[in-house]
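Chain by chain, the residues run as shown.
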Amino acid sequence: MCGICGLTWSDSDLIRKMGNKIKHRGPEQEGFYVDEHVSLCCERLKILDLRETAKQPQHNEDSTIWVVLNGEIYNFRELRQKLENTHTFYTNSDTEVILHAYEEYGENCLEHLNGMFAFAIWDKVDKSFFVARDPYGIKPLYIARTDKGFLIASQVKALLSTGVISMDPCPYGQGGYWLLGSVPEPYTWFRDISSLSAGNFATISELGFFEQKWHSISDSWKNFEEPNRIPALNNKVKDLLHDSVRAHLVSDVPVGIFLSGGIDSTSILAIMKDLGV
């Protein structure tokens, strides 16, 4: 777990204040990028490439594109092999792969990513701020609009800590909580703060704020060939589970598992044993 936050204006003091509010999400490494247009911060929990050079925010070859990431990209090694033909890498992290994928494919880079993530990219050339969230909404990202511009953060309290956002309640968010037991996206407990919905991206530029869905859960079934027999279906599920667990084990630090005693965590442990962990 990491924490990211950002402003679409320059304010080194304010971005540090926001970062301090979510430091518990990434106590091992802190990084900032501030120019005349944006302010970015990442409070990092180190999993891949533990060196200081892998600190976020990370930049491309000519420092015209910057990124902060909360999450993991499971297929980053395969993507990197493709991108190394046209791009130069300075880290061994999955974060930098997002940068070069964005350079190569633009917003369609999302179609190439397999992982759980919420990230923000600042493009100095286009003067655009690009934020995106994984298909299942595993990693959170909240957005607020003010007279000065937009703010983003991994947690609502980082936004509220700025003192520039109203704490007026959102009737849809609070009503949804009492009816459903959770706040429905894109609402939050507060009127002026929204959640970027799962599988959505947004672009913030001089043209304004534009949000769009890039993936829905139903998309995951488009290329799934339904087996005709139960044994075939069992084998398909087993293969998918092994592939998923294998991808989650990629790490430069020791990996562990929490067991609840239920069939799900016990199954994951069994698969880890099959994989030689």
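You'll find the structure just up there.
Small disclaimer: the values here were computed from a predicted structure and weren't measured.

Caption draft 1: Quick look at the packing of aromatic side chains. Counted by the stated rule, this structure contains 10 aromatic pairs. Judged by centre distance (4.0 Å) and plane angle (15 degrees), the rings of Tyr33 and Trp66 are stacked. Placement of Tyr33 in strand S2 (residues 29-34) and of Trp66 in strand S5 (residues 65-73) is noted, with a sequence separation of 33 residues between them. Of the two residues, Tyr33 and Trp66, both sit in the buried class. Ring pairs connect the aromatic residues Tyr102, Phe117, Phe119, Phe130, Phe201 and Trp214, which therefore count as one cluster. Between the NZ or CZ atom of Arg16 and the centre of the ring of Phe32, over which it lies, the distance is 4.2 Å.

Caption draft 2: Spotlight on the layout of surface pockets. The computed volume of the second largest pocket comes to approximately 200 Å³. Taken together, Thr8, His37, Val38, Trp122, Lys127, Phe129, Phe150, Ile204, Ser205 and Glu206 make up the lining of the second largest pocket. Looking at the lining of the second largest pocket, its residues break down into five nonpolar, three polar and two charged.

Caption draft 3: Representation of the sheet that holds strand S8 (residues 142-145) within the structure. If you trace the six strands from one edge of the open sheet to the other, you get S2-S3-S1-S9-S8-S10, paired in antiparallel fashion. The outermost strands of the open sheet, each flanked by one partner alone, are S2 and strand S10 (193-195). Pairwise comparison of adjacent strand axes, ignoring direction, gives a mean angle of 15 degrees for this sheet. In this sheet, strand S3 (residues 39-44) lies alongside S2 in antiparallel orientation, the contact comprising six bridges. For Val34, the partnering residue across the bridge sits in S3 and is Ser39. Contacts from helix H1 (residues 12-21) reach strand S1 (3-7), S2, S3 and strand S9 (150-153) within the one sheet, and its direction differs from that of S1 by about 155 degrees.

Caption draft 4: Up close: the sheet that holds strand S11 (residues 200-205). Read across the open sheet, the six strands follow the order S4-S5-S6-S7-S11-S12; overall the sheet is antiparallel. For this open sheet the edge positions go to strand S4 (58-59) and strand S12 (208-213), each flanked by a neighbour on one side alone. Sheet analysis places S11 next to S12, joined by six bridges and oriented antiparallel. The partner of Thr203 across the bridge, within S12, is Phe210. Packing of helix H3 (residues 94-105) onto the sheet brings it into contact with S4, S5, strand S6 (115-123) and strand S7 (128-133), and relative to S5 it is tilted by some 125 degrees.

Caption draft 5: Structural view of helix H7 (residues 263-274). The end-to-end C-alpha distance of H7 is 16 Å, a good match for the 16 Å that 12 residues give at a rise of 1.5 Å each. Ser265, Ile271 and Met272 are the residues of H7 that are buried. All buried residues of H7 project into a common sector of 120 degrees when viewed along the axis, lining one side. Away from the buried face of H7 by more than 90 degrees, exposed residues Ile263, Lys273 and Asp274 are located. Immediately beyond the C-terminal end of H7, within one or two residues, lies Gly276, with a positive phi of roughly 85 degrees.

Caption draft 6: The environment of His37, seen in detail. Considering the arrangement of structural elements, one finds His37 in the loop between S2 and S3. For the pair His37 and Ser194, spaced 157 residues apart in sequence, the C-alpha to C-alpha distance is 22 Å. Filtering out sequence-adjacent residues up to four positions away, His37 remains in contact with Leu7, Thr8, Trp9, Ser10, Trp122 and Lys127.

Rules and cut-offs
Residues numbered from 1 in each chain as written. Predicted model: local features only at pLDDT ≥ 70, side-chain atom pairs only at ≥ 80, totals over all residues. Heavy atoms only, no water. Phe/Tyr/Trp six-rings, centres within 6.5 Å; stacked < 30°, edge-to-face > 60°. Helix = DSSP H or I, 4+ residues; strand = E, 2+ residues; numbered from the N terminus. Buried < 20%, exposed > 50% of the residue type's maximum accessible area, 1.4 Å probe, protein only. Lys NZ or Arg CZ within 6 Å of the ring centre and 35° of its normal. 1 Å grid on protein atoms, 1.4 Å probe; cavity = no way out; pocket = protein on both sides within 12 Å on 5 of 7 lines; lining within 4 Å. Points joined across faces, edges and corners; volume = space filled by probe spheres on them. Nonpolar A, V, L, I, M, F, W, Y, C, P; charged D, E, K, R; others polar. Pairing = 2+ DSSP bridges. Axes fitted to C-alpha atoms, helices over the stretch in contact; angles between N-to-C directions. Contact = heavy atoms within 4.5 Å. Expected span 1.5 Å × (residues − 1). Arc of directions from axis to C-beta.

So, to be careful, I would describe these as geometric facts and stop short of saying anything about function.
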